[in-house]
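Structure assessment
Letter by letter, the chains look like this.
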Amino acid sequence: AADRLVPREGTEWCNIWMPNANRHELPRVLLIGDSVTQGYGPDVEKELAGKAYIARLATSRCVGDPVLHAELTAVLGAETFDVIHFNNGLHGVGSVSEKEYAEFLPQMLAHVRKLAPKAKLIWATCTPSHVNGKFEQLAPNDANVTERNRISTELMTNEGIPVNDLYSLMLPHPEYCADGLHYKAEGKAMQGKQVAQAILKWVPVNAN
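**Here we look at the overall build of the chain**
- The helix and strand inventory of the chain stands at 6 helices and 8 strands.
- When its helices and strands are written in sequence order, the chain yields β-β-α-β-α-β-α-β-β-β-α-β-α-α.
- Scaling as 2.2 N^0.38, a compact globule of 208 residues should have a C-alpha radius of gyration of about 17 Å, and the chain matches this with 16 Å.
- Seen along its three principal axes, the alpha-carbon backbone of the chain occupies a region of about 45 × 40 × 35 Å.
- Residues counted as buried form 48% of the 208 residues belonging to the chain.
- Across the chain, every contact between residues at least 6 apart in sequence was considered, and the portion connecting residues at least 24 apart equals 78%.
- Looking at the chain as shown, the accessible area adds up to about 9,700 Å², and 54% of this sits on carbon and sulfur atoms.

**Observations concerning the environment of asparagine 149**
- Tracing the sequence through the fold places asparagine 149 in helix α4 (residues 142-158).
- In this view, asparagine 149 contacts Thr125, Cys126 and Tyr167; residues no more than four positions away in its chain are not counted.

**With respect to the environment of asparagine 87**
- Checked against the element boundaries, asparagine 87 lands in the loop between β4 (83-86) and α3 (98-115).
- For asparagine 87, a relative accessible area of 5% corresponds to the buried category.
- Distance from asparagine 87 to isoleucine 122, taken between C-alpha atoms, is 8.8 Å for residues 35 residues apart in sequence.
- Those residues in contact with asparagine 87 that lie beyond four places of it in its chain are Ile32, Gly33, Asp34, Met108, Trp123, Ala124, Thr125 and Cys126.
- A distance of 2.9 Å separates a polar side-chain atom of asparagine 87 from the backbone oxygen of alanine 124.

**Remarks on the sheet that holds β4**
- One open sheet holds the 6 strands; their spatial order is β1-β3-β2-β4-β5-β8, and the pairing between them is mixed. On the outer flanks of this sheet lie β1 (14-17) and β8 (163-164), each paired with one strand and no other.
- Of the pairings in the sheet, the one linking β1 to strand β3 (residues 53-59) comprises 4 bridges and is antiparallel in character. Residue cysteine 14 lies in a different strand from β3, and its bridge partner there is threonine 59.
- Relative to β3, helix α2 (residues 66-78) is tilted by about 160°, and along the sheet it contacts β1, β2 (28-33), β3 and β4.
- Each of β2, β4 and β5 (120-124) is contacted by α3, which is oriented at about 150° to β5, the strand it contacts most.

**Side note on the state of the cysteines**
- A full pass over the atoms with the stated rule returns 0 disulfides.
- Free of any disulfide, cysteine 14 has its nearest cysteine sulfur in cysteine 62, 14 Å distant.
- On the basis of relative accessible area, cysteine 14 is assigned to the partly exposed category, the value being 37%.
- Here cysteine 62 stays free of any disulfide, with the sulfur of cysteine 126 as its closest cysteine sulfur at 11 Å.
- Cysteine 62 sits in the buried class, given a relative accessible area of 6%.

**Description of the pairing of β4**
- Residues of β4 alternate between two faces, with Val83 and His85 on one and Ile84 and Phe86 on the opposite face, all of them buried.
- Pairing of β2 with β4, which is carried by 4 bridges, proceeds in the parallel orientation. Along β4, the bridge assignment pairs leucine 31 with histidine 85.
- With 4 bridges joining them, β4 and β5 adopt parallel strand pairing. In the strand pairing of β5, isoleucine 84 is matched with leucine 121.
- Taken together, β4, α3 and β5 form a β-α-β motif whose crossover is right-handed.

The rules behind the values
Residue positions within a chain follow its written sequence, with the count starting from 1. Confidence filtering applies because this is a predicted model: local features only for residues at pLDDT of at least 70, side-chain atom pairs given and counted only at 80 or more, and all residues used for totals across whole chains, interfaces and linings. Only hydrogens and water are set aside when side-chain values are computed; all heavy atoms of the structure are taken into account. Strands are runs of DSSP state E lasting at least 2 residues, helices are runs of H or I lasting at least 4, and numbering of each runs from the N terminus. With C-alpha atoms as the basis for the radius of gyration, the globule rule is written as 2.2 Å multiplied by the number of residues raised to the power 0.38. Each residue is placed in one exposure class: buried if its accessible area under a 1.4 Å probe, protein chains only, is under 20% of its type's maximum, exposed if it is over 50%, and partly exposed if it falls in between. When checking whether two residues touch, look at their non-hydrogen atoms; a contact exists if any pair is within 4.5 Å. All accessibility values rest on the Shrake-Rupley procedure with a 1.4 Å probe; residue burial counts only the protein chains present in the view. Here a polar contact means two N or O atoms within 3.5 Å. Within protein one must be a hydrogen donor candidate and the other an acceptor candidate, and residues neighboring in sequence count only if both atoms are side-chain atoms. The criterion for strand pairing is that DSSP finds at least two bridges linking the strands in question. Throughout, an axis means a line fitted to C-alpha atoms (over the contacting stretch in the case of helices), and angles, computed between N-to-C directions, take values from 0 to 180 degrees. Cysteine sulfur atoms are paired as a disulfide whenever they fall within 2.5 Å. For crossovers, right-handed means that the path from the first strand over the helix to the second runs clockwise, given strands pointing away from the viewer.

Purely spatial values, then, with no claim about function.
As structure tokens, then:
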């Protein structure tokens, strides 16, 4: 769908972080996601210090955007990863329908598999969307988020890819919300710990 007219956000952004690019002693892990992933990334690095190198690609691009595939190509072409923990879905809510999401997510998966055929893949569900300032209330568009999580979980399960359910992890903890979508330090740490545990199951044994 490279010729597709994708709805743009007011500001589009991308953050690629590749620590220890010149080192090769430990397994290499890539976190793919958005600003939530960017938030827990440093916590995953702390949790897995001495066990794996943790790179990340955080982006505002949603599935169906050819720019997302270009960003994936840039990162996955630069390095070989043992484990890829990936997520996409909070961006595009309201502009990309869930029907389109179900159509475009397999394209993202196929692209990742093509560029990183040996990597162990782990999917992460999207975190809840709360009303800003009234965090105990889920935002109206959380219904879109839960539908996307249902679609992605079904796809990944059918494809034999384990699912790290960050939605269920964070749902009982609205007190960790910072603004309705992002999290305070305690929430990031909680996510980072669960992400690290999910990754550790698949990090090559010689890492210990």
